[in-house]
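Fold and contact review
Chain residues, written in single-letter form:
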Amino acid sequence: LFMLCVYIAPCSAEDVAVTADSLSYDPNTNSITATKNVHFKHVDGELFGDRGVGYTDGRDFEMSGSVKGTFKKESLNISCYHIKLQADSADKKKRRVTALGGVKLTRNKDTLSADTVTWLVESDKYKAAGSVLANFESHFIDSDEVGRDGEKFWARSVRKYEDRARRFSMSAERVNGLIKK
C-alpha cells in the first residue's frame, strides 16, 4: 500500500530559504511572516503557497492558500489548502507534517486524497481522514479513515476495499491488516 515517508531533517537556517512578495521578521520571537507567492525551500523539497509563518531556523513552518509542493527524496507531490511542518513532540529530531483541506498526494501512479493527512517524517506512520480515496497500483480504498504504523494497516468505515491482485472487493466497518515488504 501507499507509503508516506517524507524526510525533512532537523535543519539550520542555511538549509532553508523562504522567498515571498512580502516578508516580515520579528526579532523578539525569531519568527517570519511571508505573504503572496511564498516559496519555502528545503534540501529535501519545496512548498509554494499564499501565506507562510514560521521560525528562522526552519524547524516549524506553516503555509496556507493553494499549497503545492514536492518532497523530492520521496518522489511525492502534494497539494492542499494548509500545511504544518513541526518538530515531533516525542522526538524533536523528527518532524510531523499535517496537511489540511483538499489534500492530494501523488507518487508515480499512486494517489491518496483526503480532508486531512498527518504523518511522521522518515517513517511508515500516517493517518488520512475524511473522505479518503486511495488509488494504488494493486489496491483501491474508499473510506472515512486510513492509517499505517510500520507494517500495521487499518481503515475505518470502509465503503470499498479492492485488492486488484487477488481480485476481490469488500466493505466493512473496520479493516486491519499487515503490509509485507
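Residues numbered from 1 in each chain as written. Predicted model: local features only at pLDDT ≥ 70, side-chain atom pairs only at ≥ 80, totals over all residues. Heavy atoms only, no water.

Broken down by element type, the chain carries zero helices and twelve strands. Listing every helix and strand of the chain by position from the N terminus yields β-β-β-β-β-β-β-β-β-β-β-β. Relative to its 181 residues, the chain shows a buried fraction of 44%. In the chain, once contacts between residues fewer than 6 apart in sequence are set aside, the share between residues at least 24 apart is 36%. (Helix = DSSP H or I, 4+ residues; strand = E, 2+ residues; numbered from the N terminus. Buried < 20%, exposed > 50% of the residue type's maximum accessible area, 1.4 Å probe, protein only. Contact = heavy atoms within 4.5 Å.)

Here we take up the layout of surface pockets. Within this model, the largest pocket holds a volume of roughly 320 Å³. Taken together, 14 residues form the lining of the largest pocket, with His139, Tyr161, Asp163, Arg166 and Leu178 sitting closest to its centre. When residues of the lining of the largest pocket are traced back to their parent elements, those giving at least two are strand E11 (152-163) and strand E12 (168-178). Tallied by class, residues from the lining of the largest pocket come to eight nonpolar, three polar and three charged. (1 Å grid on protein atoms, 1.4 Å probe; cavity = no way out; pocket = protein on both sides within 12 Å on 5 of 7 lines; lining within 4 Å. Points joined across faces, edges and corners; volume = space filled by probe spheres on them. Nonpolar A, V, L, I, M, F, W, Y, C, P; charged D, E, K, R; others polar.)

For Ile141, the position within the fold is in strand E10 (residues 139-149). In sequence terms Ile141 and Asp163 are 22 residues apart; their C-alpha atoms lie 9.0 Å from each other.

A word on the environment of Arg107. When you line up the elements, Arg107 lands in strand E7 (residues 95-107). Relative accessible area serves as the criterion here: at 14%, Arg107 is assigned to the buried category. Between the C-alpha atoms of Arg107 and Glu74, which are 33 residues apart in sequence, the distance is 8.1 Å.

Looking at the chain as a whole, its pLDDT mean stands at 84, while 86% of the residues score no less than 70. When mean pLDDT is compared element by element in the chain, strand E9 (residues 126-135) scores highest at 94, while strand E1 (residues 16-19) scores lowest at 86. Low confidence marks residues 1-14, where pLDDT is under 50. Its contacts with residues over four positions away, or in another chain, come to 57 contacts. (pLDDT = per-residue confidence, 0-100.)

Tallying each qualifying case throughout the model produces six salt bridges. Of the charged contacts, one joins Glu145 and Lys127 as a salt bridge, the two residues approaching to 3.7 Å between their closest N and O atoms. Here Glu145, found in strand E10, pairs with Lys127, found in strand E9; they are 18 residues apart in sequence, far enough to count as distant. When its relative accessible area of 13% is taken as the criterion, Glu145 is described as buried. Arg159 is the salt-bridge partner of Asp142, the closest N and O atoms lying 2.9 Å from each other. In this pair, Asp142 is assigned in strand E10 and Arg159 in strand E11, connecting sequence segments 17 residues apart. (Salt bridge = Lys/Arg side-chain N within 4 Å of Asp/Glu carboxyl O.)

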